[in-house]
Amino acid sequence: MDIKIGKSTDIDNTLRQYSRGNRDIELLDMWTPTPDKTLSTAEHGVHEVAEQYAYDKQSEKFVFLQGAYQDFAETINKLLQNTTREELAEEPASSDSTAIDDYTGTTPSVLKLFGESYDVDTWADTLTTAVTQILRNVDDHEPITEIEGRKRSYFVTEGRQSELVKPRKIPDTDLYLETNFSANTVVRLIEQVMEKYGCDRVELEI
């Protein structure tokens, strides 16, 4: 059994996306965090447990023998809360916000992204480093310029950096980014860029 483990805020859309190349794709189990776990820590925990039962692992895809998957699912049910699509639909839309930590008043030291660690000293460093690494893995940089605030741009092409309050050049691109943000806004902005390029939030840790 080839299993891809991940979280999604739009399950139907995710199933449609993966069914294009896998006609028989099926949603096997769903879980929500117990009260003392965020979505991010729960996801890390699921992956760690999955590795114990899988005999092959490639990124987020695990290959299980059927009996081993059953043991894995039963173990996760003890750690997290088993749920259904119907129960999930009844939860308030804001329930996903528990995954967002409050970084107010903190100073970052290490950014972990896609399995690599980077030393950072400020939130501006964190944002610049994260965006740089994300864009290094993609060919088309234009979609990032679609991410904007209500009244200002966050990412602009060279020549327009005067529109930004505290611009920084994104290495190896012709783009500049705004760095005049609070800690929480930096994290949300990194998450937006990851979502724009189809990256999984579980790959980010600060």
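About the thresholds
Residues numbered from 1 in each chain as written. Predicted model: local features only at pLDDT ≥ 70, side-chain atom pairs only at ≥ 80, totals over all residues. Heavy atoms only, no water. Helix = DSSP H or I, 4+ residues; strand = E, 2+ residues; numbered from the N terminus. Buried < 20%, exposed > 50% of the residue type's maximum accessible area, 1.4 Å probe, protein only. Contact = heavy atoms within 4.5 Å. Areas by Shrake-Rupley, 256 points an atom, 1.4 Å probe, with all protein chains shown as cover. Lys, Arg positive; Asp, Glu negative; His and termini not counted. Charge placed at Lys NZ, Arg CZ, Asp CG, Glu CD. Expected span 1.5 Å × (residues − 1). Arc of directions from axis to C-beta. Pairing = 2+ DSSP bridges. Axes fitted to C-alpha atoms, helices over the stretch in contact; angles between N-to-C directions.

Q: Explain the overall build of the protein chain here, please?
A: The secondary structure content of the protein chain amounts to 6 helices and 11 strands. Reported as C-alpha extents along the three principal axes, the dimensions of the protein chain are approximately 60 × 40 × 35 Å. Sorting the 206 residues of the protein chain into buried and exposed places 38% on the buried side. Contacts in the protein chain between residues at least 24 apart in sequence constitute 59% of all its contacts with a sequence separation of at least 6. Entry remark: accessible area of the protein chain is about 12600 Å², with carbon and sulfur atoms responsible for 44%. Computing the positive centroid from 22 side-chain charges and the negative centroid from 40, the protein chain places the two 5 Å apart.

Q: Where do I start with helix H3 (residues 66-79) in this structure?
A: In an α-helix there are 3.6 residues to a turn, and that puts residues three or four apart on one side. The terminal C-alpha atoms of H3 lie 20 Å apart, and with 14 residues this matches the ideal 20 Å at 1.5 Å per residue to within 8%. What H3 keeps buried is the set Ala 68, Tyr 69, Phe 72, Ala 73 and Ile 76. Down the axis of H3, the smallest arc covering the buried residues is 140 degrees, so these residues share one side. On its buried face, H3 is in contact with strand E1 (2-4), strand E2 (31-32) and helix H2 (39-53).

Q: Would you mind going over the sheet that holds strand E6 (residues 110-113) with me for this structure?
A: Within a sheet, neighbouring strands are paired by backbone hydrogen bonds and run either parallel or antiparallel to one another. Here 3 strands make up an open sheet; going across it, the order is E7-E6-E11 and the pairing antiparallel. Two strands lie at the open edges of the sheet, namely strand E7 (116-119) and strand E11 (204-205), each paired on one side alone. As paired strands, E6 and E7 are joined by 4 bridges and run antiparallel to one another. In the strand pairing of E7, Leu 113 is matched with Glu 116. The strands touched by helix H5 (residues 123-136) are E6 and E7; relative to E6, the strand with the most contacts, the crossing angle is about 20 degrees.

Q: I tried to follow the side chain of Glu 43 on my own but got confused; where do I start?
A: Within the fold, Glu 43 resides in helix H2. Taking the relative accessible area as the measure of exposure, Glu 43 reaches 7% and is therefore buried. Apart from the residues within four sequence positions on either side, Glu 43 is in contact with Ile 5, Gly 6, Lys 7, Asp 200 and Val 202.

Q: Any chance you could explain unusual backbone geometry here in plain terms?
A: Leave glycine aside and you will find that most residues have negative phi; peptide bonds, for their part, are mostly trans. Located in the positive-phi region is Phe 114, a residue other than glycine, with phi close to 55 degrees. Tracing the sequence through the fold places Phe 114 in the loop between E6 and E7. We classify Phe 114 as partly exposed; its relative accessible area is 28%. The backbone of Asp 172 shows a phi angle near 65 degrees, a positive value even though the residue is not glycine. Secondary-structure assignment places Asp 172 in the loop between strand E9 (167-169) and strand E10 (175-178). Exposure remark for Asp 172: the relative accessible area of 62% places this residue in the exposed category.

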